[in-house]
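Overview (structure and organization)
Spelled out from the first residue to the last, the chains are:
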2 protein chains.
Amino acid sequence: MMRLHDLTARDIAHGVTQGNFRAEDVVRDCLDHIAARDGKVLAWEYLDADGAIAAARRADAGEHRGLLAGVPFGIKDIFDTADMPTGYGSPIFAGHRPASDAATVALPRRAGAVALGKTVTTEFANVHPGKTHNPFDPTRTPGGSSSGSAAAVGARMVPLALGTQTTASTIRPASFCGTHALVGSFADISCSGIRQASWSLDRPGLFARSIDDLALFRHVLLGERDTPAWPEPLLPRIGFCRTHLWNDVEPSTQAMLEAAAACLGRAGAAVTDISLPDHFAEIPDAHRWISSYEFTRNFTYEVEHHWKRISSTLRQGRLRDGLGCSYQQYRRAWDYAARCRAQVLAVFDEVDVLLTVSAAGEAPAGTATGNPAFGAIWTALHLPSLNLPAFTGPSGLPVGLQLVAAPHRDRELLGCGLWVEQRLG
Amino acid sequence: MMRLHDLTARDIAHGVTQGNFRAEDVVRDCLDHIAARDGKVLAWEYLDADGAIAAARRADAGEHRGLLAGVPFGIKDIFDTADMPTGYGSPIFAGHRPASDAATVALPRRAGAVALGKTVTTEFANVHPGKTHNPFDPTRTPGGSSSGSAAAVGARMVPLALGTQTTASTIRPASFCGTHALVGSFADISCSGIRQASWSLDRPGLFARSIDDLALFRHVLLGERDTPAWPEPLLPRIGFCRTHLWNDVEPSTQAMLEAAAACLGRAGAAVTDISLPDHFAEIPDAHRWISSYEFTRNFTYEVEHHWKRISSTLRQGRLRDGLGCSYQQYRRAWDYAARCRAQVLAVFDEVDVLLTVSAAGEAPAGTATGNPAFGAIWTALHLPSLNLPAFTGPSGLPVGLQLVAAPHRDRELLGCGLWVEQRLG
């Protein structure tokens, strides 16, 4: 029998609203599953069992009959929460208590969702890892920076979780942890109350276990209250885009993606090879200077007052880059990225979605969060992207595929994703 | 004899660095002037005299020899400060203590600037007024939302202050309070740690008493540490842009602006009349939906938990608009604004700056912060703009003129502003 923690958000909200089962039982089942699994996964920075049960009881009492009534969710610990500590993955902010909820925390709560707690983030959503292990193999990374959110959804502890992406921080951990994930169009979902890494790149990231749930979560995060139009499968024109990074992709992943492209073609999609302009190979470098410049300005207070409590990973990585980056150098990188964003639009005259890799392969062994380059391109281009947990790698671990769409075609992206998922089986 | 509080930031930093006078004396002189003037102006929400004197002593001891060594500044109370309460202009957050400084607070402090305190903001930088009066006439508004910062600089209490602009919240109060002000290109200066109103519109605003000081302040806020290149007067091609709002401008202001355009033409500038495309008359409406949608999503927590502690002005204004605005309606407004931003660029093939009004006229009587329409256009277009305190109105109060430049031509804007200021005398 399927346990309540295995249900999707859509099914939980429906069941709670119809009175088929209680939100409290859903929350208790999630908490039981967390108790059973989290000793090895360590997805949670802070778990608020009492607060979650109280919120679930309010949902059961009919105080919340919103679109996410009784749906448990996890919150990356760089999102402010008024009732839970928010540490941003840094000892500098251990025990910090914000005065309000981030917009993206308050909106699901308004819709009846139940926050179970805060999930582990890398330090300031940069690369220095937290304590979380991959739920499919504890010797491997869950990916980052949204490590705990990806692991919690992948381990079926919660149906939904919030993350962010500045480089590859949602799509990569989703690929490693076998979850669905959506990074919507740039500047669509509010970032207010999320500790900012980079204003030109940051986006909220949504983790879920189905495309319907991503659509529902996105709908709520946009502040909508009416019943969402559920995604319908859309037959896509697919651009198979290996990118200039193809040689960095593991052969087994290359083979799975080639096979998927062929399968989707046989199933009726128009699949064409798409090469990005050669100079797009410079995008990761532009991304590096934009993100480093902006991150370093944003963290001036921490650099000035808490330098020794910042990891050497961060001090010798993004902060060293950013402290050495002048405004002029930043401006050049930013202008270049803006030109690429204008130029890439022509690709979407020919295709509806790009089919590409989410990561090089299975989650690597160790704690380093993996190669972020397969996210950096699409992040810098401000395009919406979707991870589908489509493959199983040579070690039996999940490997995702990534679909990328034109700006503000998020709904179409989800519809194409549904078609792709149904055909790949 | 000129008192220390009357000096520009450039002169203070030079004097302190050269040992000509002490930062502590500058700060004490500012505090004395505040004690003498602020009983009627009420520019300050919180004044940290002890903290400021301690910081000045550190500057005098040579701990800070940065570009703003010993320069006092004011901070609008929607910028987070680790050592001062931050109330966002709302009783909900009275006494709130953030865990860190906003980027734009930490950067001047790193450069040796001395924070005197927090200045009054309207509620959440929206329109419900704070306690501040116009420094030139206490029966009139200082403008808003950056009311206290404009009044403090206008009353010569500090040489520099930080504000923000989502509609007209910097340029309008600068015009009413007789200060220089710069709203730089969109997404240039970090907004991290500033309570967000609208992610597509918010920008930091800089108040000062000279163009050199705006250039210096901007340089520091961009994170630069080398000696800035001081603005040189640039002979501009001027587009005289009355806009579709010309009939809402008071006749005396119309006359002063017409005379200024004629004067600048006689002084050697090419002055041409520029009409924006007719449909740009719809921009204020698009601005309304973008700002209301985003503001309302951002303040979901406050709406859900503190509805009764929000002013009726805000509840019946931006929040009512935003709660009734669907994502689809928002998307249409946003896409329209994006098209206008692309379209306006052609104007700057013909001219270097647009000459236009900053506000309808002198500060109105009462507490309402005045017509924001003259800011909304340029804010929605993401263009950098500059207020020059160029005129004196029929009641003897300051009236500004506004210069607007192409994106990322901030330095050229300051240079053109210097030329204009010198010619207008």
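Residues numbered from 1 in each chain as written. Chains lettered and ligands numbered in written order. Predicted model: local features only at pLDDT ≥ 70, side-chain atom pairs only at ≥ 80, totals over all residues.

**So, the overall build of chain A**
Within chain A, the regular secondary structure consists of 16 helices and eleven strands. Residue burial in chain A is summarised as follows: out of 425 residues, 62% are buried. Considering only intrachain contacts with a sequence separation of at least 6, the fraction spanning at least 24 residues in chain A is 78%. (Helix = DSSP H or I, 4+ residues; strand = E, 2+ residues; numbered from the N terminus. Buried ≥ 20, exposed ≤ 12 C-beta atoms within 10 Å, placed from the backbone. Contact = placed C-beta atoms within 7 Å.)

**What about the relation of the copies chain A and chain B?**
Note on the identical chains: chain A maps onto chain B by a rotation of 180 degrees and an axial translation of 0.0 Å, with an RMSD of 0.0 Å. Here the symmetry operator amounts to a two-fold rotation axis. Considering only C-alpha atoms, the residue of chain A closest to the rotation axis is Pro98(A), which sits at 3.7 Å. The residues that chain A uses at the interface reappear at the interface of chain B in 100% of cases, marking a shared surface. (Least-squares fit on C-alpha atoms with pLDDT ≥ 70 in both.)

**Here we look at helix α7 (residues 211-221) of chain B**
Residues and elements named next belong to chain B. Burial within α7 is extensive, with ten of its eleven residues counted as buried. Where α7 is concerned, the buried positions are Ile211, Asp213, Leu214, Ala215, Leu216, Phe217, Arg218, His219, Val220 and Leu221. Once α7 finishes, Gly223 follows within two positions and takes phi at roughly 90 degrees, a positive value.

**A word on the environment of Pro372(B)**
Residue position: Pro372(B) is located in the loop between β9 (353-357) and α14 (373-380). C-alpha of Pro372(B) to C-alpha of Gly143(B): the two residues are 229 residues apart in sequence and 9.4 Å apart in space.

**Quick look at the pairing of strand β11 (residues 398-405) of chain B**
Residues and elements named next belong to chain B. β11 sits mainly inside the fold: eight of its eight residues count as buried. Covered by surrounding structure in β11 are Pro398, Gly400, Gln402 and Val404 together with Val399, Leu401, Leu403 and Ala405, the residues of both alternating faces. Pairing geometry for β9 and β11, over five bridges, is antiparallel. When the sheet's bridge partners are listed, Val357 is paired in β11 with Leu401. As paired elements, strand β10 (residues 385-392) and β11 share six bridges and run antiparallel to each other. Within β11, the position partnered with Leu388 by the bridge is Leu401. Adjacent in sequence and paired antiparallel, β10 and β11 are bridged by five residues, among which Gly396 carries a positive phi angle near 80 degrees. (Pairing = 2+ DSSP bridges.)

**Comments concerning unusual backbone geometry**
For the bond running from Gly144(A) to Ser145(A), omega is 5 degrees, close enough to zero to count as cis. Mapped onto the elements of the fold, Ser145(A) is located in the loop between β3 (114-119) and α5 (147-154). At Arg156(A), a residue that is not glycine, the phi angle is positive and equals roughly 60 degrees. Counting through the fold element by element, Arg156(A) comes out in the loop between α5 and β4 (160-165). Given 19 C-beta atoms within a 10 Å radius, Arg156(A) is considered partly exposed. Of note in this structure, Ala187(B) is not a glycine but carries a positive phi near 70 degrees. Note that Ala187(B) resides in the loop between β5 (180-183) and β6 (203-208).

**Regarding the interface of chain A and chain B**
Every contact between the two is made by 32 residues of chain A and, on the other side, 32 residues of chain B. Counting only elements with at least two residues in the side of chain A that touches chain B, the list comes to α4 (103-110), α9 (283-298), α10 (300-306) and α13 (327-344) of chain A. Tallied by class, the residues present in the side of chain A that touches chain B amount to twelve nonpolar, twelve polar and eight charged. (Nonpolar A, V, L, I, M, F, W, Y, C, P; charged D, E, K, R; others polar.)

**Regarding the environment of Glu258(B)**
By secondary structure assignment, the location of Glu258(B) is in helix α8 (residues 251-266). What makes Glu258(B) exposed here is the crowd of 12 C-beta atoms within 10 Å.

**Section: the sheet that holds strand β6 (residues 203-208) of chain A**
Within a sheet, adjacent strands bond to each other through the backbone by hydrogen bonds, running parallel or antiparallel. Residues and elements named next belong to chain A. What the eleven strands build is an open sheet, ordered β1-β3-β2-β4-β6-β5-β10-β11-β9-β7-β8; its pairing is mixed. Whereas interior strands pair on both sides, the edge strands pair on one side only; in this sheet they are β1 (44-47) and β8 (270-273). Geometrically, the sheet is characterised by an average inter-axis angle of 30 degrees between neighbouring strands, direction not taken into account. Relative to β3, β1 is paired through three bridges, and the arrangement is antiparallel. Bridged to Trp44 within β3 is Thr119. Seen against the sheet, α5 touches β1, β2 (72-76), β3, β4 and β6 and runs at an angle of roughly 150 degrees to β4. (Axes fitted to C-alpha atoms, helices over the stretch in contact; angles between N-to-C directions.)

**Quick notes on the sheet that holds strand β3 (residues 114-119) of chain B**
Residues and elements named next belong to chain B. Strand order across the open sheet formed by eleven strands is β1-β3-β2-β4-β6-β5-β10-β11-β9-β7-β8, with mixed pairing between neighbours. Here the strands that pair on one side only, and so sit at the sheet edges, are β1 (44-47) and β8 (270-273). With direction set aside, neighbouring strand axes in the sheet form an average angle of 30 degrees. In the sheet, strand β2 (residues 72-76) pairs with strand β4 (residues 160-165) via three bridges, with the strands oriented parallel. Following the sheet pairing, Ile75 is matched in β4 by Leu162. Where α8 meets the sheet, it contacts β7 (237-240), β8, β9, β10 and β11, and its direction lies at approximately 55 degrees from that of β11.

**A look at the pairing of β4(A)**
All names here are of chain A. Counting buried positions over the six residues of β4 gives six, a clear majority of the element. Along β4, one buried face is formed by Leu160, Leu162 and Thr164 and the opposite face, lined by Ala161, Gly163 and Gln165, is buried too. Strand direction decides the pairing type here: β4 and β6, joined by five bridges, are antiparallel. The residue bridging Thr164 from the neighbouring strand is Pro204, located in β6.

**Regarding α13(A)**
In an α-helix, one full turn covers 3.6 residues, which means residues spaced three or four apart are oriented alike. Residues and elements named next belong to chain A. Helix length check: α13, at 18 residues, gives a terminal C-alpha distance of 25 Å against a target of 26 Å (1.5 Å per residue), a fit within 8%. When α13 is considered as a whole, its buried residues turn out to be Tyr330, Ala333, Trp334, Ala337, Cys340 and Val344. Looking straight down α13, one finds its buried side chains confined to an arc of 120 degrees; they lie on one side. Those residues of α13 that are exposed and angled more than 90 degrees off the buried face are Gln328, Arg339 and Ala342. (Expected span 1.5 Å × (residues − 1). Arc of directions from axis to C-beta.)

**Points about the confidence of the model for chain A**
Looking at chain A, the pLDDT average stands at 97 and 99% of residues meet or exceed 70. Interface confidence in the predicted complex, given as ipTM, is 0.98; pTM for the same model is 0.98. (pLDDT = per-residue confidence, 0-100.)

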